[in-house]
Amino acid sequence: MAAASAVREAGRRSRRLFDIFVADVPWTVSSKELKEYFSQFGSVQRCQLPFDKDTGFHRRYCWIKFSTLQDVQNVFQKDSHILEGAKLTLKQQSRRRRSQRKNQSE
Amino acid sequence: MAALLSSAGRLRALCLRLLPRLRPPATAARPPAPASRNIMYQIRFLTVAPQQEGSVKEEPISEIQTRRTWQFDWALNKLDNSVRKTGRIPKTLLLKVFHEICKTGCPGSNQTLLLLRSCGALLPEVLSPERTELAHMIWDKMKELGAVYDTSHYNALLKVYLQNEHKFSPTEFLARMEEANVQPNRVTYQRLIAAYCNEGDIEGASKILGFMKNKDLPITEAVFSSLVKGHARSGDMKSAENILSVMRMAGVEPGPDTYLSLLNVYAEKGDADSIKKTLEEVEKTEGYLMDRILMQVIFSLAKAGYPQYIEDIKERIRFERELIPDAMNLCLTLITHGFEDISFHILKSLNHLSRDNMDQGNFFLQHCVNRDMPVNKLKQFCSELKEAKMHSAPLPFILRCALEANKSALAIDVMKMMKEEGLPLRPHYSWPLLVGFQKEKNLKGIFEVLKVMHELEVEIDTETYTDYVFKNFADSETARAQLKKNDCLFETVGLSVAEIRYEAAHGRLNNVLSLLSSASTPPIDIRQFRNSLILGFKSSNDVHLWSKITELLYKDERYCLTPPGPTEAVGYFLYHLIDSMSDSEVQAKEERLRQYFHQLKKMNIVIPTTHYSGICRLLDSSQVPELIKDARLLSLKKTLSTDNIPESAKSDVSALEKKLEKRKAENQPITDVLKQLIHALCEEENMQKALEVKAKYEPDMVVGGYAALINLCCRHDNVEEAMNLKEKVFPKNSPVALDTGKYIALVEVLGKHGRLQDAINILTEMKEKDVPISDRTVASFFRILNAAATRGEVETVNRLHETIVNLGLAETAVLHSTLITVHLEKDDMPAALEALINCYKKYGKILQLHNIYCRLIEKGDADLLQKVSDFISREYGDMMALYDLFFAFLQTGKYKEARKVIETPGLRAHSGRLQWFAKKCISSNQMETLEQLVELTQNLFECDRDEMYYYLLQLCENNGDWGKAEAVWTKIQEENVVPREKTLTLLADILEKNGQVVPFEVPKVRHEDTRSLSTSNVEERKIRMLCKKNNAKEAYNIFLKMQGKNEFHYRSYGTLIKALLTQNCLEEAMEVKHIAETHIKGFTLNSAASSLLIISQVRRDYLKDAMAVLKGMLDSGLSPTRPAVIALTQTLAEKGDLKNLQALKNMLEDITKSIGVSASLIANAIALAHTKNNDLDAAVEYLEPLLISGAQNPDQAVRNISYLLRKVSEEGLEPALEKFGVMAERLASQFGIYRPVTDLFLQYVSADRVDDARSLIEAKKIKTLLELIPEHLDMEIAYRYLMRCYELDGDVASVKAVYEKIKAKNIQLHELSLKSLAAFLKKVGEPVPFTEPPETFKFYVEKWRKRRLEAS
């Protein structure tokens, strides 16, 4: 039973998994602009840019998830990423486990 | 008892026997505990000690000092960092440090000094008067807090005065110092001279100079510099200039201060030539002049109104990187004093210092915004900065400043400018403004922002509405109405999406449905609101709404805009819906999901196979395999995909059967069809038929069909057939293997039926055929073993375990532990112990030890206890054995024995073990045990007492028991323990939260500390919060996630259970209760929660459970709530359960009054139960005497029978109604007891059986009745009948009286009544006091009938 729900949990986790963590996001952009920017490297599945509901500003960092690993590699082919005059700081998130992804038929 | 005593004796022997074996760092080597501890703590912790005595009396002072040193360092670091990096201190930082220091309560001398010193030139962004005010505020506040001022403080204040050019009386200042008995020193005098000189008061300065000379104090450069200024300001420039030669004569060389002073006075006079001359002279003689000084001169020129000379000075400054902070401060100061243009000029000199194309001038723009610079000015700066390529996006930057400073007007203006310049404007720019207005509850502001954004052609997006607009209103509908009313309703897709999302996320599915079905809703892809909808589904139990919404999504093309179409979209939605539910949620909603699937099926909704199989996997992992059958209804089967509508499984089977027969008849191959048929039958769970088909077409059966059949047989417990099939088709020696799940199913069913050898063979085969083993398989192994252990089947457990382990299929501690569990289940302690030892020998693990110890102590089995102790001490040493014994004695409440164990000389504290047990106590809310642990370890060598008390406080916190916490505080003092900061903080927290005064200084908590001490509580608080907000589901989800990681407070369990029950989540509540019970010994629900539990159980028809809960409550002295009793009683009655009703009656006998349940309730219920059992005579026999005696005995009166009558009437039990009617009339006519007959009348009236009502009573009865009539009944009808009765009786006076009463009560009579009344009055020759309805009597009768018909 524990194992079964662990399987489920792992499935959820892997879906939550993002590819890239982006810091120093300028305040002017929203996830729409981020998605647009990163779309040049591949198909962006998800972009999560958390906002502080208490101030109305976002927290200057976001997570990006691409459809394929190739997209991610494309992003890191580029030396620096500048969005609206601000230099973004990118960090690749730990590798997704392919085997897990296969398990969930999405 | 005797056995226990004797065992205690034996145990003492055990301890004694263990003694000599302990290594001897014993008693002699052990210093007296308190002193050693305090020394240790003094070094380690910077806390205030409580009252201490004797030799350790000095310690608190040293601790206070250390703490202050530390705090001073902290504050100093912050301010110092700021000064070093930027040459200034932001006002907010200064205030923050100030408040922090205030919070600690006792400011140190150097802290105060630090704060005072910061109130001058280090605050360039603040105007001078405000800075002085700040200094005074700090001065007074610190004094109030007990700061003692010495000369250094007065001097610091003087410096601030000078820097701020604050006018004050130096003599008064001296007098104040004298008053405070503080001696002025040289610095004081120097600064007082400077103060006089600032005012051009040479006489005053000379007076002070005289003091200094009298005291033989040296006259320094600073004094001469002041005198330069003094003379100049008194108008005597000559003397001022002369001071330099005086200095030299006195042997003091003029330095930078002197030159600055001279340059400043020239600047004040606007004497550019002299400045130039002086500068050149200095350059000649000194060779340099500091750029910093030049910058000061610039400020002086600006202040004095000579900006024209600034450029010349500026050119002399080498703007290098090192100068940036000073230049920035000059700019800021200039802005503060209103010289923003000069400031901007300086700023532009920094142009060449730009690095990496970074934007320059942010500090400038920000300060401009803070100082409320006019928009035009800002605009000008922005465009110039841009032109100079110093800043790439100045307008967005000032927008951000305006938003951060909550300057909405400016922000809006800036956005307008941005639009003019063609810069993009985005919806989220409005969010800080909306947040600001939301905090102020300023709806007007919100509307304004929306309007402006609309004017600026920014399409307000969904997030804006859901996160920042709707929150201000009760729901999205109200929001819409208000937006419309205030002219800011802009119909966009974003708004529609927001409405759907918002209503869905708040669980208002009915609103979602109406939004989705509304014709005005634009096309929206389901993905836009899928997540919110999932949330909504999860918080609702309304299967009908689920289905309706799903149907809309499926059939309304507006919601499925993108390929591949609704099938895919809805399938995806369903998958995610189920995926987002926790296992227990799925389990709790199993029945609802089933209905949901069936309804979807009825709506002809199908989903793709991939999603369907994903859903099946989820359902399987959530342990609801039964639901898979139902989910299957939705699967889009390829074979039937022609019209996208699958036929039901049934027709599937029969179609296949026909097909099969046809093929057979035609002599065509049938294997495929046969396989399909077998699968279809398996899906239908029709084992009988499947086996028949198999038997009939045996030669054509293929492997896959057999495998499905085997699984089916296992599911249906048909072990024989399963094994037959298996042996036949998948014999051991065949290379073909079943999949893991089917093997497991076989092992399970074989184990259950005692076919151990077969089960072992299957396991062996699994190994031989190399079947893949996953975590899930291992979990299944555990399930199988544990089931056998619970059944007490030792051999099964042992042999299966042995096989599993020996074959190397799995090997985990949990699996091993079942070897011991089985003996514990059977209460066979020798065997359990042997299993424990074997486990250790074979697998190197000690399992279930604490349980075994406790069980042995409870049983008083000293021999075995000795044995297990011997074993542990042999393997792990005496110390471990003693701890195990100690904990077991504590756990079982044998504190005396525990004390003996822990006082074994030489025993040392083992923090890890102590922590293990303490945490166990905390999580299971065993306060007494924990207290004993703390108490008994008091003299344990090296025991961290603070830590032990911290555990106690943690439990106090969990229970919100401030009284106990306060006692702990006293104990801490009594024991002379110096608590750590975190302990004090926790204690303070408990007291504060419970509204108590904190009797000590609360230490300032560092961030990390708070975090670490509350990590475990964060989630728990969240759970409580969510419960409070009625979001029990989410709370439950968090709870499940937390399971295992953390244990919960006693109270949190209760809160969560209550919240779940309130939302009718019985299963979840029971799960939490179960967990609570396993974690907390003697966990019981309180009265309210138990009552809710009863209600929930009644709702689900778990009446037996409900009765048990009620009994438990009463046994433990809790009284149930009225609704709980009523619900249970009435439901038992409905079921005709006389036995339980009788039991209930007995149980409640004494408390009916106190809980406000009327005596009639049970009587009605019992009568109804008889009725339900078709025993009307019994009902009447039971009820009638009660009603008769009730009339005479008002104390325990059973008077009304309305409930009974209502029930029988509602359910159309006509004979019963008649029988009770007869009884009621009999009671009225024979005994003058009118209440029953009144009830009957009322029942007739409310059931609209007016004729029956009329036939029942005469006028006088209706009259009494009218007094009894409840509000909600139709008064008109009642009065109409009363009047009608009087008419029939010919009682004119009464008729008239009633009419007056009707008029007085403002009851509208029907025209029919008026017509009838008029006819009556005319007949008896009375005047008609109203206009007689003109039509005929018949007309009104018709009209009346029609109305009745329409109404019904």
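The notes below deal with the structure included here. Note that the structure is a prediction, hence the values are computed from the model and not measured. (Residues numbered from 1 in each chain as written. Chains lettered and ligands numbered in written order. Predicted model: local features only at pLDDT ≥ 70, side-chain atom pairs only at ≥ 80, totals over all residues. Heavy atoms only, no water.)

A look at the packing of aromatic side chains
(1) Moving on: Under the criterion given, the structure shown has 42 aromatic pairs over all chains.
(2) Moving on: Between Tyr61 of chain A and Trp63 of chain A, the ring centres sit 5.6 Å apart and the planes meet at 75°, which makes this aromatic pair edge-to-face.
(3) Moving on: Since its relative accessible area comes to 28%, Tyr61 of chain A is described here as partly exposed.
(4) Moving on: Residues Phe886 of chain B and Phe887 of chain B carry aromatic rings whose centres are separated by 5.7 Å and whose planes lie at 40° to one another, so their mutual orientation is tilted. (Phe/Tyr/Trp six-rings, centres within 6.5 Å; stacked < 30°, edge-to-face > 60°. Buried < 20%, exposed > 50% of the residue type's maximum accessible area, 1.4 Å probe, protein only.)

Examining the sheet that holds strand β5 (residues 86–92) of chain A
Residues and elements named next belong to chain A.
(1) Moving on: As summarised here, the arrangement of the 5 strands in space is β2-β3-β1-β5-β4, forming an open sheet in which the pairing is antiparallel. Whereas interior strands pair on both sides, the edge strands pair on one side only; in this sheet they are β2 (44–48) and β4 (81–83). Strand-to-strand twist in this sheet, taken as the mean axis angle between neighbours without regard to direction, amounts to 30°.
(2) Moving on: One ladder, built from 3 bridges, connects strand β1 (residues 20–23) with strand β3 (residues 62–66); its direction is antiparallel. Opposite Ile20, over in β3, you have Ile64 as the bridge partner.
(3) Moving on: Along the sheet, helix α2 (residues 31–38) contacts β1, β2, β3, β4 and β5; its crossing angle with β2, the most-contacted strand, is approximately 145°.
(4) Moving on: Here helix α3 (residues 69–77) sits on the sheet in contact with β1, β3, β4 and β5, set at roughly 135° to β5. (Pairing = 2+ DSSP bridges. Helix = DSSP H or I, 4+ residues; strand = E, 2+ residues; numbered from the N terminus. Axes fitted to C-alpha atoms, helices over the stretch in contact; angles between N-to-C directions. Contact = heavy atoms within 4.5 Å.)

Here's the deal with the pairing of β1 of chain A
(1) Moving on: Pairing of β1 of chain A with β5 of chain A involves 4 bridges; the strand directions are antiparallel. Paired with Ile20 of chain A across the two strands is Gln92 of chain A, which belongs to β5 of chain A.

So, unusual backbone geometry
(1) Moving on: With phi around 70°, Arg60 of chain A is a residue other than glycine that occupies positive phi space.
(2) Moving on: Considering the arrangement of structural elements, one finds Arg60 of chain A in the loop between β2 and β3.
(3) Moving on: Assessed through its relative accessible area of 32%, Arg60 of chain A is described here as partly exposed.
(4) Moving on: Positive phi is not limited to glycine here, since Asp216 of chain B has a value of about 60°.
(5) Moving on: Its location among the elements puts Asp216 of chain B in the loop between α10 (202–214) and α11 (221–233).

Points about helix α65 (residues 1159–1172) of chain B
Residue and element names in this part refer to chain B.
(1) Moving on: Between its first and last C-alpha, α65 extends 20 Å over 14 residues, near the 20 Å set by a 1.5 Å rise per residue.
(2) Moving on: For α65, a buried count of 12 out of 14 residues is recorded, marking the element as mostly surrounded by other parts of the structure.
(3) Moving on: When α65 is considered as a whole, its buried residues turn out to be Ser1160, Leu1161, Ile1162, Ala1163, Asn1164, Ala1165, Ile1166, Ala1167, Leu1168, Ala1169, His1170 and Thr1171.
(4) Moving on: Asn1174, located one to two residues past α65, shows a positive phi value of around 60°. (Expected span 1.5 Å × (residues − 1).)

What to know about the interface of chain A and chain B
(1) Moving on: Chain A puts 25 residues into the contact, and the matching count from chain B is 34 residues.
(2) Moving on: Its salt-bridge partner being Arg426 of chain B, residue Glu33 of chain A comes within 3.0 Å of it at the nearest N-O pair.
(3) Moving on: Scanning the region where chain A abuts chain B turns up 7 residue pairs in polar contact (both at pLDDT 80 or more).
(4) Moving on: Considering each element in turn, the side of chain A that touches chain B owes the most residues, 6 residues, to helix α1 (residues 2–16) of chain A.
(5) Moving on: Residues belonging to the side of chain A that touches chain B are distributed by class as follows: 7 nonpolar, 8 polar and 10 charged. (Salt bridge = Lys/Arg side-chain N within 4 Å of Asp/Glu carboxyl O. Polar contact = N/O pair within 3.5 Å; in protein donor to acceptor, adjacent residues only side chain to side chain. Nonpolar A, V, L, I, M, F, W, Y, C, P; charged D, E, K, R; others polar.)

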